[in-house]
Amino acid sequence: MNLESKVPEGPIQDKWDNHRFSMKLVNPANKRKYRVIVVGTGLAGASAAATCAELGYNVDAFTFHDSPRRAHSIAAQGGINAAKNYQNDGDSIWRLFYDTVKGGDYRSREANVYRLSQVSVNIIDQCAAQGVPFAREYGGLLANRSFGGAQVSRTFYARGQTGQQLLLGAYQALSKEIASGKVNMFNNREMLDIVLIDGHARGIITRDLRTGEIECHAADAVVLATGGYSNVYYLSTNAMNCNVTAAWRAYKRGAAFANPCFTQIHPTCIPVSGDHQSKLTLMSESLRNDGRIWVPKDKNDKRPAREIPEEDRHYYLEERYPSFGNLVPRDVASRNAKERCDAGYGVGATGYGVYLDFASAIGRLGKQAIKERYGNLFEMYERITAEDPYEVPMRIFPAPHYTMGGLWVDYNLMTTVPGLFAIGEANFSDHGSNRLGASALMQGLADGYFILPYTIGDYLARNEPGSASVDAKEFKETKEEVETRTDALVALKGKRPVDAIHRELGRVMWNECGMARTADGLQSALKKIPQIREEFWANASVPGSEGSLNQTLERAGRIADFLEFSEVMCLDALNRNESCGGHFREESQTPEGEALRNDEEYSYAAAWLYQGPDKSPALLKEPLQFENVALTQRSYK
Amino acid sequence: MRLTLYVWRQPSADAQGDFVKYDLSDVSPDMSFLEMLDVLNANLEELGKEPIVFESDCREGICGTCSMVINGRAHGPESKTTVCQLHMRSFQDGETIYIEPWRARAFPVVKDLAVDRSAFDRIIQAGGYISVRTGSAPDANEMPIPKVESDLSMDAAACIGCGACVAACPNGSAMLFTSAKISHLGLVPQGQPERTKRVKKMVEQMDDELFGSCTNYGECQDACPKGISISFIGRMNKDYMKAKLIEVEEPRKEVESQ
Amino acid sequence: MLSFYKSTIGKKVVVAVTGCFLFLFVIGHMAGNMKVFLGYDRHGVHHIDAYGHFLRTFLEDAFGYGGFLWLMRGGLLAILALHLYTVMQLQVLKAKARPVDYKKQDLRASTFSARTMMLGGFVILLFIVFHLLHLTLGTVLEGFVHGEVYANLHRAFRSPLTVFMYIIAMAALGLHLRHGLWSFLQTLGLDNPDRNKCIRLGAAGLSVVIVLGFLSVPLAIYFGILIPPANL
């Protein structure tokens with residue numbers, strides 16, 4: 001199989017326009033004959049479902065939550081980028097495109113990123129019209145802030161809850177279509193498999209989480225908007241229920257999985273407090289604008305932070321990166337924190353934490369100014385740790401946060417399975433090997449509102465409507481497979497809670513495939529994962545039955561998939577013997593310890609294709625060409 | 001810490017439920033309340049017993065999934081805090097804790113502590129939106145909005161749809177939720193064309209879901225993890241009165257051509 | 001209009017507006033009562049008796065003797081009935097909306113007056129019936145003479161039990177008004193987060209004034225501050 005990216009011809013700024021003209025259209029009268037399934041109702045899913053319904057398609061939308069408003073897009077705090085140049089500071093579509101390609105460390109597809117930058121301006125218009133309460137200036141116009149080290153102010157925000165407000169906008173648009181009858185909303189449904197007929201995605205199998213019923217749903221195309229897989233690490237900033245199951249099921253039906261090793265570790269999270277920890281909490285990285293990061297110079301220095309004098313503190317980021325200081329990109333900040341803690345300088349009870357100190361900012365600007373900027377974050381920190389960050393420095397540690405890898409898609413956002421689309425964080429995305437701050441919301445909404453609704457039309461126009469029915473034998477067969485798998489899970493009556501096994505997998509992944517990776521470590525992970533998988537199938541405890549709400553069964557199914565997926569992730573990390581963005585191979589670094597790319601050998605997207613059980617997946621390579629942005633080594637010195 | 005828990009267990013919507021007592025030791029004050037329940041559930045799973053069903057997702061206090069009444073308080077004893085952000089240091093060693101699901105006819109129990117809150121979705125579907133066809137929006141800065149109004153709209157929009165207002169209200173009223181959404185959209189110029197229709201439809205849907213009426217107890221705003229003010233209820237009432245009594249929509253008469 | 005009444009907000013507004021009318025009546029009633037302290041006019045008629053006579057003969061030509069007064073009373077009763085009926089409907093709704101109660105409930109925001117609205121309202125209702133039989137119709141007052149308002153008051157408030165009952169009833173009225181007044185403003189959206197503290201204090205203050213005003217009459221009589229008329 002060859003990966004066809006289907007990037008249109010022509011200069012980069014004309015590609016999307018040309019493509020929109022050359023795509024086939026569905027006759028308005030025929031649109032209602034088509035049915036589209038959208039799995040997931042986060043930013044990407046809800047906006048795609050609402051827009052497709054507006055266009056006239058029938059949409060079946062699915063979420064495993066009790067309401068489409070709860071997807072984890074809701075937790076994004078910082079903001080959303082758009083090349084509006086409202087601040088007159090020299091921003092442009094081209095600059096956003098350039099920043100995103102460079103920030104992604106040259107592992108993304110130029111044409112996609114350019115299109116993302118183009119539609120970013122429409123997103124803000126759309127959301128403002130929907131009533132999203134973006135921050136405003138006294139003149140009534142939209143406010144912006146600079147975010148994540150960008151040199152222009154292009155980030156739009158709604159207090160610390162931009163994700164929630166954007167999701168509510170999309171949810172409201174979706175609700176309108178549900179009321180109009182164009183969207184059938186299926187809450188509490190988990191997608192457990194994709195049904196292929198003649199090689200095309202024609203439906204899905206779901207489990208009703210409340211009744212346990214396994215159901216078939218047929219359509220003319222299937223869209224996956226099922227988010228990322230950070231929970232493979234067990235502890236991450238993702239919501240408890242985020243999982244890889246839908247994408248993994250698609251992979252097993254022939255959709256290639258691209259760059260699974262590209263994961264982002266966010267530097268400013270609250271450190272783990274003990275073994276009971278169920279998830280990690282992220283604090284906006286805007287904290288680094290005023291906070292100074294340090295550890296004691298002496299690893300045996302156990303004095304309280306306030307009693308450690310200035311000369312005994314090591315401000316390692318300021319020392320190592322004099323020009324960017326505490327504002328280096330996420331991957332650099334995270335790796336340095338890990339390096340200090342691994343070397344024994346970490347603070348806090350577990351030794352996995354570094355100080356983020358606001359004392360000098362409070363001294364310079366006053367407590368009130370700091371309160372105005374970060375009051376809600378300080379409150380949240382105090383609520384969780386019972387320490388007052390105005391008095392003692394915060395303790396922070398990096399945590400898995402976002403996954404740039406995902407299902408491989410072409411320019412039309414279609415996977416290698418015809419009729420199966422992937423949008424938002426679920427696809428391998430426009431962020432290359434590192435995502436910039438405030439770009440995830442942008443990509444989710446770009447895919448959902450402005451890209452997929454066009455490109456799916458091109459696919460549908462080439463296919464007869466209503467060609468699939470749940471009576472087809474393919475549905476029956478796939479449903480039986482799902483039932484067999486569910487029976488096997490519910491038959492697990494061992495002694496170990498499934499979460500304990502998940503935690504064990506998470507530790508292996510964090511240590512060997514986390515912030516820094518080595519060939520030896522990855523190989524040892526590849527040995528350990530099958531053992532944990534065996535342990536799971538031999539000894540996990542799944543009490544209760546499958547015929548009703550059974551949360552352990554839900555988790556067990558997701559963990560079973562993580563236990564398979566994690567292998568491909570390590571395989572990918574092992575294969576990519578270079579460092580780029582969030583993927584840091586210790587074998588490949590500059591003399592100063594910075595990530596060293598190998599553009600000669602690895603300037604490609606690595607897409608893994610399922611070959612059957614007990615067989616290694618095949619590696620397909622999509623070469624990445626950089627015609628518009630010159631390849632350079634990132635440097636933040 | 002040692003704790004005695006009385007947890008509401010109910011196998012299904014129509015089954016009889018009751019409190020079950022659990023003794024738990026080795027609870028760390030740094031655990032969140034849900035992590036404490038995770039530990040209890042892991043213990044139950046080790047014994048092959050069905051764990052307590054409770055819902056949670058983001059565990060950052062923003063998704064609105066977690067929902068339980070702890071010692072008679074929706075989301076527990078701390079103000080402006082969801083259960084997932086509540087920590088065990090808010091409790092005493094040896095304390096007895098009662099854990100119950102949201103109680104309202106419109107929120108039937110699904111299992112144990114999980115309830116069905118789809119009534120909220122239906123209230124939004126009735127009119128909690130601004131109709132904007134994708135792609136048809138004007139430039140975002142073409143419509144300046146005074147910061148004060150925009151900020152007030154944001155105050156209302158902060159609602160996370162958890163349902164604590166209903167759970168805390170002795171009348172089982174959903175007016176805080178409904179009024180927050182109506183105010184969020186009604187306070188900004190984009191929301192004006194549909195304002196009358198929206199308030200009518202949403203209030204009617206709220207009534208159809210059999211939520212109770214408001215008697216101004218104020219328990220809802222006290223329980224609200226986002227501190228949403230009951231002054232939005234007054235705003236909704238005003239809007240509703242105007243919509244029903246003053247701006248009654250007449251069927252449009254055709255303008256005769258001359 | 002009917003569909004407005006059918007909605008929960010509509011009912012709430014009806015309770016608020018009828019409550020407001022009843023409140024205005026209560027104010028008027030209390031102000032009228034103060035004539036008790038004015039003593040006798042130059043014809044030797046007590047001011048409160050003259051006031052009673054005035055009320056009965058107001059617009060006598062049109063409505064006959066006491067006609068207008070009865071019309072007003074009828075109107076008030078109708079408003080009261082609507083107030084009660086709507087409240088009962090809301091109570092039914094409440095019971096339906098929360099069929100299963102909590103094992104433990106820790107109410108923190110609601111005031112005592114808010115939680116006792118129903119109980120207090122019931123006490124006030126019983127009191128209204130008693131009060132009408134007591135001092136309007138005189139059915140339950142020994143020696144009641146129609147038209148002798150001042151004398152009747154003295155006949156009534158000689159008994160400590162009666163005074164005690166009036167104190168209880170007025171306390172209930174005060175609590176009811178405290179929440180009712182604030183609620184009226186809140187329900188009609190006339191509140192304002194910046195002024196809510198003042199509004200709540202104002203409601204409480206007004207309630208206290210009304211309670212003290214009403215109670216001043218029985219207490220002043222009981223403790224002999226107001227001298228009984230000569231015929232007693």
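Computed from a predicted structure; not experimentally measured.

Asks: Talk me through the packing of aromatic side chains; I want residue IDs and the actual numbers.
Replies: Scanning the model with the defined rule gives 46 aromatic pairs over all chains in all. Between Phe358(A) and Phe378(A), the aromatic rings sit 4.9 Å apart at their centres with planes inclined by 65 degrees, giving edge-to-face as the arrangement. With Phe358(A) in the loop between β14 (354–357) and α10 (359–365) and Phe378(A) in helix α11 (residues 367–385), this residue pair connects regions lying 20 residues apart in the sequence. What makes Phe358(A) buried here is its relative accessible area of 1%. Judged by its relative accessible area of 2%, Phe378(A) falls in the buried class. Ring geometry for Phe19(B) versus Tyr98(B): centroids 5.7 Å apart, planes at 80 degrees, classification edge-to-face. Residue Phe19(B) is located in strand β2 (residues 18–24), and its partner Tyr98(B) is located in strand β5 (residues 96–100); the two are separated by 79 residues in the primary sequence.

Asks: Just give me the short version of the interface of chain A and chain B, but keep the residues and values in it.
Replies: Contacts between the two partners involve 75 residues from chain A and, on the opposite side, 74 residues from chain B. When the two sides are added together, the surface that chain A and chain B hide from each other amounts to roughly 6,200 Å², 49% of it contributed by carbon and sulfur. It is Arg70(A), Arg136(A) and Arg383(A) that lose the most area in chain A upon contact with chain B, and together they represent 11% of the buried surface on that side. Counting every contact that joins chain A to chain B gives 42 residue pairs in polar contact (both at pLDDT 80 or more). Residue assignment for the side of chain A that touches chain B shows that the elements contributing at least two residues are α3 (43–55), α5 (110–129), α6 (162–180), α11, α12 (440–461) and α16 (551–575) of chain A. Sort the elements by how many residues they give to the side of chain A that touches chain B and α6(A) lands first, with nine residues.

Asks: Lay out the domain arrangement of chain A in plain terms, naming residues and giving numbers.
Replies: Residue and element names in this part refer to chain A. For chain A, the assigned domains read domain 1 (265–401) and domain 2 (480–623). For domain 1 versus domain 2, the distance between C-alpha centres works out to 30 Å. For the pairing of domain 1 and domain 2, the buried interface totals around 900 Å² over both sides, and the portion due to carbon and sulfur atoms is 61%. One can count one salt bridge joining domain 1 with domain 2. Among the ionic pairs, Asp 275 bridges to Arg 507, the shortest N-O distance being 3.5 Å. On inspection of domain 1 and its partner domain 2, the count reaches two residue pairs in polar contact (both at pLDDT 80 or more). Elements that contribute at least two residues to the side of domain 1 that touches domain 2 include exactly α9 (330–342) and β15 (394–403). Of the residues forming the side of domain 1 that touches domain 2, the biggest block, five residues, is contributed by α9. Of the residues in the side of domain 1 that touches domain 2, the class split is six nonpolar, one polar and four charged.

Asks: Could you give an account of the interface of chain B and chain C, naming the residues involved and the relevant values?
Replies: Taken together, the 47 residues of chain B in the interface contact 38 residues of chain C. For the pair chain B and chain C, the summed buried surface comes to about 3,700 Å²; carbon and sulfur atoms form 57% of the total. Contact with chain C buries surface across chain B, with Arg103(B), Asn216(B) and Tyr217(B) losing the most and accounting together for 17% of the total. At the boundary of chain B and chain C, one finds zero salt bridges. Where chain B meets chain C, there are 24 residue pairs in polar contact (both at pLDDT 80 or more). For the side of chain B that touches chain C, the secondary structure elements donating two or more residues are β5, α4 (164–168), α6 (195–208), α7 (219–223) and α8 (231–246) of chain B. If you tally residues by element for the side of chain B that touches chain C, the top one is α8(B), at 11 residues. In terms of residue class, the side of chain B that touches chain C is built from 25 nonpolar, 12 polar and 10 charged.

Conventions we followed
- The residue numbers shown here count from 1 along each chain, following its written sequence.
- Here chains are named by letter from A upward and ligands by number from 1 upward, in the order in which they appear as written.
- Reporting in this predicted model follows two pLDDT cut-offs: at least 70 for local features of residues, and 80 or more for side-chain atom pairs to be given and counted; totals over whole chains, interfaces and linings ignore these cut-offs and use all residues.
- Based on all heavy atoms of the structure, the side-chain values leave hydrogens and waters out of the count.
- Classification of ring pairs uses Phe, Tyr and Trp, with its six-membered ring standing for Trp, and accepts pairs whose centres are within 6.5 Å; under 30 degrees between planes counts as stacked, over 60 as edge-to-face, and the remaining range as tilted.
- Comment: elements are numbered from the N terminus, with helices defined as DSSP H or I runs of at least four residues and strands as E runs of at least two.
- In this scheme, a residue with accessible area under 20% of its type's maximum is buried, one over 50% is exposed, and one in between is partly exposed, where area comes from a 1.4 Å probe on protein chains only.
- By definition, residues are in contact when any of their heavy atoms lie within 4.5 Å.
- What gets called buried area is simply the loss in accessible area from a 1.4 Å probe that two parts show on being joined, summed for both.
- Two N or O atoms count as a polar contact when they lie within 3.5 Å, although within protein this holds only if one can serve as hydrogen donor and the other as acceptor, and sequence-adjacent residues are included solely when both atoms are side-chain atoms.
- Source of the domain bounds: an automatic or database domain assignment.
- When a carboxyl oxygen of Asp or Glu lies within 4 Å of a side-chain nitrogen of Lys or Arg, that pair is called a salt bridge.
- Throughout, the ten residues Ala, Val, Leu, Ile, Met, Phe, Trp, Tyr, Cys and Pro are labelled nonpolar, Asp, Glu, Lys and Arg are labelled charged, and all others, Gly among them, are labelled polar.

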